[in-house]
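Below, each chain spelled out in residue letters.
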Amino acid sequence: MASLSEYQRKRDAGSTPEPTPAGSESSGGDGDSFVIQEHHARALHWDFRLERDGVLVSWALPKGLPDDPKINHLAVHVEDHPLEYGSFEGTIGAGQYGAGTVSIWDRGSYQIEKWTEREVIFVLAGTRAQGRFALFRTKGKNWMIHRMDAPARPGWQPAPKDLAPMLASPGALPPAKDDALWAYEMKWDGMRAIARVDGGRLTLHSRNAREVTVSFPELRPLAEHFGTSQAVLDGEIVCFDDRGRPDFGRLQERMHVSSARQAQSLAATRPVVLLAFDLLHFDGESLLELPYSQRRERLESLELDGPNWQTPPAFQGTGAEAVRTSQELGLEGVMAKRLRSAYRPGKRSKDWIKVKNIRTQEVLVGGWTPGKGNRSGTIGALLLGLPDQHGLRYIGKVGTGFTQRILDELAPKLRRLERKTSPFETEVPRPDARLAHWCTPQLVGEVAFSEWTGDGRLRHPTWRGLRPDKHADEVALES
């Protein structure tokens, strides 16, 4: 006969709403029920319980049941639970074992095919959980759970792990007569990110495929919104200032952080928000070939509205009004997106057009000149270039927009790339060339500027920051 002594030892009947039978022995019997409970504890997981010998034999599944027969999920064997636990929902108070909120995710019956100390094979017949599964022991309390048959939903596909974001082409606002063919979103001054959710866990990748999950811990709870559903979102990570406007300078403080402890500290003082503007995959279904209008409807149905994530509005048929709104809000511009456009990962398309209020340009740093006065001993100006068919074309220097923190971060990066000869294929003005420290053009930065001069130089450029989310070979003329 199964024992409930371990279950009772871990719980105080007067302090938890969980069922606590008086006896330590099970009530006997051998029913065929199962229950899966979603447990928002210190870490989200799903408690999987099979009725046997008068108790609920239990495993904790950190990522839920596997949908893909090619991928097994961890299952941690825990103490047997009383049969009454099969109907339990509620909140276990702080300080108690398993503190958090418990809800029933699914329940039903199961048919046993094999049960040994090391392997359990069964068929589930629930509302959400159906199919043939195997639990097999690996080491100690750790087991794995494996789906033995095909996914329950025909055509099910796993969420892709390596999607590159679709890119917009710079251009002018579509003509007003074509407004009905387009939707308009605000252009946010942040860092592009692909967010992948699987089994209640979030991973974030920048535009250049660098994983940046550790840098933004405040975004991880977003995954709990999806439960066991898989999803891939496209969006922008933004840091807002005290007036509620995107502040790229503040975001710079977060983009370079690789220490989990430092990221956690900065999340309290410089929190970010993920603005999700596209849904690329959901619950086993690829949405890439759907038109933008349908993807947008699916995205909005998710009702993403949390402390650090939201879906910003899109406007249809109001291009000029969208531009005016972006200007009034002090935003970078608008994105015009053709309603019928499919999503093309990694491709730059004229189905998406970025219309800028503020002129910005990605640049490559090819050298620097020393500072003078209060900047003596550090960087005075950066020498900037753009690649063309002949090599790196010199487009001017930038000496404003630097804080001491930015200068301190730039100096060691530039020293590591230092070289003896100029990387520019065009001539750098003599005074700067005579003083210059040259470097291999690998650092991508961004500047704001007023206009291009007749000889292809930036007029009045201001440094906005490094772009570690972008590769040097992606830099191209935008204006």
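Bear in mind that the values here come from a model prediction, so they are computed numbers and not experimental data. Per-chain numbering applies: the sequence of each chain, read as written, is numbered from 1 onward. Restriction of local features to residues with pLDDT of at least 70 applies here, the model being predicted, together with a cutoff of 80 or more for giving and counting side-chain atom pairs; totals for whole chains, interfaces and linings are based on all residues. Only hydrogens and water are removed before side-chain values are computed, so all heavy atoms of the structure are retained for them.

**Considerations on the layout of surface pockets**
Considering only enclosed or pocket space, the largest pocket measures out at about 440 Å³ in volume. In terms of lining, the largest pocket is formed by 20 residues, of which the most central are H39, H45, A60, Y97 and G98. Counting from the N terminus, the helices are DSSP H or I runs at least four residues long and the strands are E runs at least two residues long. Of all elements in the fold, only β2 (44-52) and β4 (73-82) reach the threshold of two or more residues within the lining of the largest pocket. Tallied by class, residues from the lining of the largest pocket come to ten nonpolar, four polar and six charged. Using a 1 Å grid laid over the protein atoms alone, points where a 1.4 Å probe fits but cannot get out form a cavity; open sets with protein on both sides within 12 Å along at least 5 of 7 lines form a pocket; any residue with an atom within 4 Å of a point counts as lining. Grid points are joined across faces, edges and corners, and a volume is the space filled by probe spheres set on the points. Any residue outside Ala, Val, Leu, Ile, Met, Phe, Trp, Tyr, Cys, Pro, Asp, Glu, Lys and Arg is labelled polar, Gly included; the first ten of those are nonpolar and the last four are charged.

**Comments concerning the sheet that holds strand β19 (residues 314-316)**
Pairing is mixed in the open sheet, where five strands are placed in the order β10-β21-β20-β11-β19. Lying at the two open borders of the sheet, with one neighbouring strand each, are β10 (167-170) and β19. Taken over all neighbouring pairs, the strand axes of this sheet differ in orientation by 35° on average, direction set aside. The criterion for strand pairing is that DSSP finds at least two bridges linking the strands in question. Bridge count between β10 and strand β21 (residues 348-356): four bridges; the pairing is parallel. By the bridge assignment, A168 is partnered in β21 with S349. Residues count as neighbours in contact if any of their non-hydrogen atoms are within 4.5 Å of one another. Comment: axis = line fitted to C-alpha atoms, over the contacting stretch for helices; angle = value between 0 and 180 degrees taken between N-to-C directions. Across the sheet, helix α4 (residues 292-301) is in contact with β11 (182-187), β19, β20 (333-338) and β21; its angle to β11 comes to roughly 55°.

**Some points on unusual backbone geometry**
Here the phi dihedral of A209 falls at roughly 70°; this positive angle occurs in a residue that is not glycine. Relative to the assigned elements, A209 resides in the loop between β13 (201-206) and β14 (231-238). Three exposure classes are used, based on accessible area relative to the maximum for each residue type with a 1.4 Å probe and protein chains only: buried under 20%, partly exposed in between, and exposed over 50%. For A209, a relative accessible area of 57% puts it in the exposed group. Positioned with a positive phi, D283 is a non-glycine residue whose angle comes to about 50°. With respect to the secondary-structure elements, D283 resides in the loop between β15 (273-282) and β16 (285-286). In this structure D283 comes out as partly exposed when scored by relative accessible area, which is 27%.

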